[in-house]
Each structure stands twice: as structure tokens, then as C-alpha cells.
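What follows is each chain in one-letter form.
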Amino acid sequence: MPVDTVELINAVSLICDEREMRVTMKQSAKGAAITGATAFLGGVLGGPVGLAAGAILGGVGSAYKMQGWKPLGEILRNDLTPTQRERLQSHIMAAVRDVGPQDLALLIPIIMGDAAVQTAVLRTVTSFVTNEMGLRMID
């Protein structure tokens, strides 16, 4: 039986959750755009006072909207595109290729139970998230 991508990602997500791995969300450009747009709109509608009010409201709204971090397990379960899931599976399979099993029934318990395999998988996931998704790990 070939390895099911969803099951593999879910197993890795559980490990990430257990280790409380988090990533920062680099969205400052989006926050700056929101703040700038509300400042501009405030300036157009209310002059100098509207400009200040728009900038303040946009800044507060951006800060509220752009949360500082997100659990890595949640990103793996919910935010990956199908292509990213396939690429991550390939990277994980390459990391555990030396372990041997290509069967899901054998691979998932090995990943969940062997600390050395978990470390190799988590290094692979960290590299993938950092290099291919542009996120930064916390801790």
C-alpha cells in the first residue's frame, strides 16, 4: 500500500503539535498596505484629521488581523496546497528512506515512535517551511 499523503502530513502535524513548534507569519507588507490604504482613505474623506484617524485605525486593525505566530501543525494540516503536500511528502520520504519501509502501515508507527526518525522528519519539515513557504520558525 503506498503512503497516503494526508495520513503522513497528519502524523507529522501531531509531532509538531507535541513539540509545540510555531512559525511567525511574515505579513508586514500586507499590514503596511492596509494601514496605508486606510490612512489614504481617511485623508481623502477627512483631511489631516482623517489622515491621522485612518492611519491609527489601519495600524490597529492590521496589528489585530496579522497574528504574530501560528502552530506549525495547523499550517501543515490546513494551509498547504496539494502541490506543497506532495513536495513535503517527497522530502519526508527522502529523509526516512534509510529507515526502509515504504508502506504506510509501517512508516507512521516508526515516525511516531522513533526519536531519531522524528528528529530527521522535523528537520525536513522545518527546512521545507523555511525555504519553500518563506516562514520563520520560533524557538
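Residues numbered from 1 in each chain as written. Predicted model: local features only at pLDDT ≥ 70, side-chain atom pairs only at ≥ 80, totals over all residues. Heavy atoms only, no water.

Asks: Hey, could you run me through the environment of Val60 in this one?
Replies: With respect to the secondary-structure elements, Val60 resides in helix α2 (residues 28-65). In this structure, the C-alpha to C-alpha distance between Val60 and Thr35, residues 25 residues apart in sequence, is 8.4 Å. (Helix = DSSP H or I, 4+ residues; strand = E, 2+ residues; numbered from the N terminus.)

Asks: What is the right way to read the packing of helix α4 (residues 82-95) against helix α6 (residues 115-133) from this model?
Replies: Between two packed helices, both the angle of their axes relative to each other and the distance between the axes serve to describe the pair. Put simply, α4 and α6 touch, their axes get as near as 9 Å, and they point 145° apart. Crossing handedness for the pair α4 and α6: right-handed. When α4 is examined against α6, the residues Gln84, Arg87, Leu88, His91, Ile92 and Ala95 are found in contact with a partner set consisting of Ala120, Val121, Thr124, Val125, Phe128, Glu132 and Met133. Partitioning the contact of α4 with α6 into residue classes produces eight nonpolar, three polar and two charged. (Axes fitted to C-alpha atoms, helices over the stretch in contact; angles between N-to-C directions. Left-handed = near helix turned anticlockwise from the far one by under 90°. Contact = heavy atoms within 4.5 Å. Nonpolar A, V, L, I, M, F, W, Y, C, P; charged D, E, K, R; others polar.)

Asks: Can you help me understand the sheet that holds strand β3 (residues 136-138) in this one?
Replies: Strand pairing in a sheet takes place through backbone hydrogen bonds and is either antiparallel or parallel in direction. Ordered by their spatial adjacency, three strands build an open sheet running β2-β1-β3, and the pairing between neighbours is antiparallel. Each edge of the open sheet carries a strand with a single partner, namely β2 (69-71) and β3. Averaged over all neighbouring strand pairs, the angle between strand axes comes to 40°, with direction disregarded. Note: strand β1 (residues 22-24) against β2, three bridges, orientation antiparallel. Bridged to Val23 within β2 is Lys70. (Pairing = 2+ DSSP bridges.)

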